[in-house]
Amino acid sequence: MKAICIPAVPVPMHVIQPFEGLSNPTRAELSAGRDLSASERRLQLPNFVSMFHWGAMRNLLPLRLPTPGETPAWSGRLCRSHYQWLPVDKSETLDGLDEFDLMLRLFDFSPWRSYFAQRFRSQLGPPPFDPLSLGLGIFLAHHQKWDWARLARELRSPTRGLDYCRRLGFAPSDLPVESTFRMAFNQTDADWFADCQSSLVQGLMAYQLIPTHSTFAGDPTDQGVSLSTDCQLIASRSHMQCRHQVHACSQSATHRACPAREAGKDGCACDTPACYEHCCFSTFRDPQAAYVYYSGSNQPSNPNASNDKKDQTAPRGKHHFGYKSNAFISVYDRLALFWTLTGPCTPANRNDNLLTIPGLQDLQKRFPTLKIGELLGDAGEGFDEILKFVYNDLQALRTIRIRHAEGDDQPHTCLKRGFDQNGIPLCPHGYHLSSNGHDYQRQSLKWVCRQKCAHQPEPDITGAPAHDSRETCPFTDDEHPLGFSLSTALTLPDGSIRLARDMQVGSETWKLRIGRQSYSESRNAIQARRLLKRSRSFGLPNTAKSMSISDTLSIAFNVSRLIFEASRQSSRQAIPQQKNC
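Heads up: these notes are all about the structure in this document.

The rules behind these values
Residues numbered from 1 in each chain as written. Predicted model: local features only at pLDDT ≥ 70, side-chain atom pairs only at ≥ 80, totals over all residues. Heavy atoms only, no water. Helix = DSSP H or I, 4+ residues; strand = E, 2+ residues; numbered from the N terminus. Contact = heavy atoms within 4.5 Å. Pairing = 2+ DSSP bridges. Axes fitted to C-alpha atoms, helices over the stretch in contact; angles between N-to-C directions. Buried < 20%, exposed > 50% of the residue type's maximum accessible area, 1.4 Å probe, protein only. Salt bridge = Lys/Arg side-chain N within 4 Å of Asp/Glu carboxyl O. Polar contact = N/O pair within 3.5 Å; in protein donor to acceptor, adjacent residues only side chain to side chain.

Along the chain, C258 turns up in the loop between β3 (225-235) and α12 (259-262). Spatially, the C-alpha atom of C258 lies 8.4 Å from that of H244, the residues being 14 residues apart in sequence. Leave out the neighbours within four places in its chain, and C258 touches G267 and C268.

In structure tokens, the structure reads:
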């Protein structure tokens, strides 16, 4: 066992911005690219290959990262391993490398040492392993979908293990065992993994790879970024024994109330010695896991509806026991990329909309200079408190799918309140108004009818009173070329918020914007590919760590993906030139 002194050497942050030449796409480019894959759209950019191919990127290495937060700086000490960024040989190619291999060559992760080092409590005892070596080893295990035993074996592999040891700073003759990685993972707080993610995100923002302003066509230059949000259900490591369990079931008590018995089930009397420490039917290693029946719909369920299996109107869904992970996706329209920022992780029975505002507030603390200009979400986010928060606190666009209520599409209801089921205002005669542009300064949307009744005999809402609109409407003369008009802001004309939006629902602009909400589903697919649909560890804290690690890997792998795509295209372009020579 050889001890290495790791000094407290500050890592300078970069000042160059090599990717600032990427401009926003046009509306025509966004529309034309809807049928193309993301990689095909990127390859159509005129400067994509020259900017991201391996030869050009190699000259920028290493990519430096900041150390945000109030973490105590690494003070230096003796360790049995020492992570250092290793220069890349000019002759080295991308052959045989995967995203993780390339990530280790792109970034200098030395600033992360101060985050992982917080679990050290004293300078006594034998020299430990470099906390950053162990931390990056944990990231490797999540990338490869290895358990801790497999990770320890692979580092000892005579083939790929040597390169991993070299890049992570381990000596091949002195490697951690399975329990060392497990201990490091369990004793590293979830907030420390979140700090690593914040470091990576702020570093890529400084390089202008992660946008700090809107990249949607036509948006003002000072408009904030577009964020999409969604939640993902994560099964707990423990298997459910009782769907009625609560946190108290996993605690010691001689007398405890049984939620199952209170619900009319047999439950457990908890009067045996085996039940004194915890309920025999509780998952005491996953005490915060909860049961929920997910119907696959964002609409509120009727508790009085029939549960008869023969009832064909009963919603179809699935049983779930575990946790719920929320994330916010920063959209980069020019590169057709999404950057995942991890949100709250809670028991599965907590409603999605209750995680949105706390998650956004946490993002504002993590990235105080980041301005949010638009929130994209499904109908589960369409509650008044969220719409108010986005409008008043974020001063952002509410690109959130409509949460309908019973009777929304009834003609009499639409005419009485002055707008239809999609929040589109109506003129007094039942004709739809059209959006005439959003005022970003006043946060208002102008609506006009453009004298629609002059060329459309029948109103849009059936059931409107029959009349000759040309004769009764005071806005059909030459003095009102745009016809009847009104403006909406936080609320619609009747003062309601639920259907109020900042653009016309169903318009081409709405379709282009809301289509990017699918990036949240892509995040869920990535977690599934990493086998994280079921937690790899026991407990809510460890589940939250795994979600954060996976999202951080996705951010770093975006850069690797750009380099792989540009380098492959560069090679294809070079082959014909060589043949012509």
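So, about the sheet that holds strand β10 (residues 444-448). Taken together, the 3 strands give an open sheet; going across it, the order is β9-β10-β11, and neighbouring strands pair in antiparallel fashion. In this open sheet, the two strands that pair with only one neighbour each are β9 (434-439) and β11 (485-488). When strand polarity is set aside, the average angle formed by the axes of neighbouring strands in this sheet is 25°. As judged from the 4 bridges shared by β9 and β10, these two strands associate in the antiparallel manner. By the bridge assignment, D439 is partnered in β10 with S444.

Of the consecutive residues L61 and P62, the connecting peptide bond is found in the cis state with omega at -5°. Mapped onto the fold, P62 is located in the loop between α4 (54-58) and β2 (77-79). One non-glycine residue with positive phi stands out, namely Q451, at about 50°. A relative accessible area of 17% places Q451 in the buried class. Here L531, not a glycine, exhibits a phi torsion of approximately 60°, which is positive. Within the secondary structure layout, L531 lies in the loop between α19 (519-529) and α20 (540-580). Given a relative accessible area of 55%, L531 falls into the exposed group.

This brings us to the pattern of salt bridges. Using the criterion set out here, one finds 21 salt bridges in the structure. When the shortest N-O distance is used, the salt bridge between D163 and R105 registers 3.6 Å. On the criterion of sequence distance, the pair formed by D163 in helix α9 (residues 160-168) and R105 in helix α5 (residues 99-106) is long-range, its members being 58 residues apart. Note that D551 and R523 form a salt bridge whose closest N and O atoms lie 2.9 Å from each other. Placement of the pair is D551 in helix α20 and R523 in helix α19, with a sequence separation of 28 residues.

Moving on to the environment of L445. Inspection of the secondary structure assignment puts L445 in strand β10. A relative accessible area of 2% places L445 in the buried class. With 392 residues separating them along the chain, L445 and H53 place their C-alpha atoms 43 Å apart. Beyond its immediate chain neighbours, meaning those up to four positions away, L445 contacts S435, G437, H438, L486, S487, T488, R501, D502, M503 and Q504.

This paragraph deals with the side chain of Q197. Residue position: Q197 is located in helix α11 (residues 190-206). In terms of polar contacts, Q197 uses its side chain to reach the side chain of T342, at 2.9 Å. A distance of 3.4 Å separates a polar atom in the side chain of Q197 from the backbone oxygen of S548. Setting aside residues no more than four positions away along its own chain, Q197 makes contact with T340, L341, T342, R366, S548, D551, T552 and I555.

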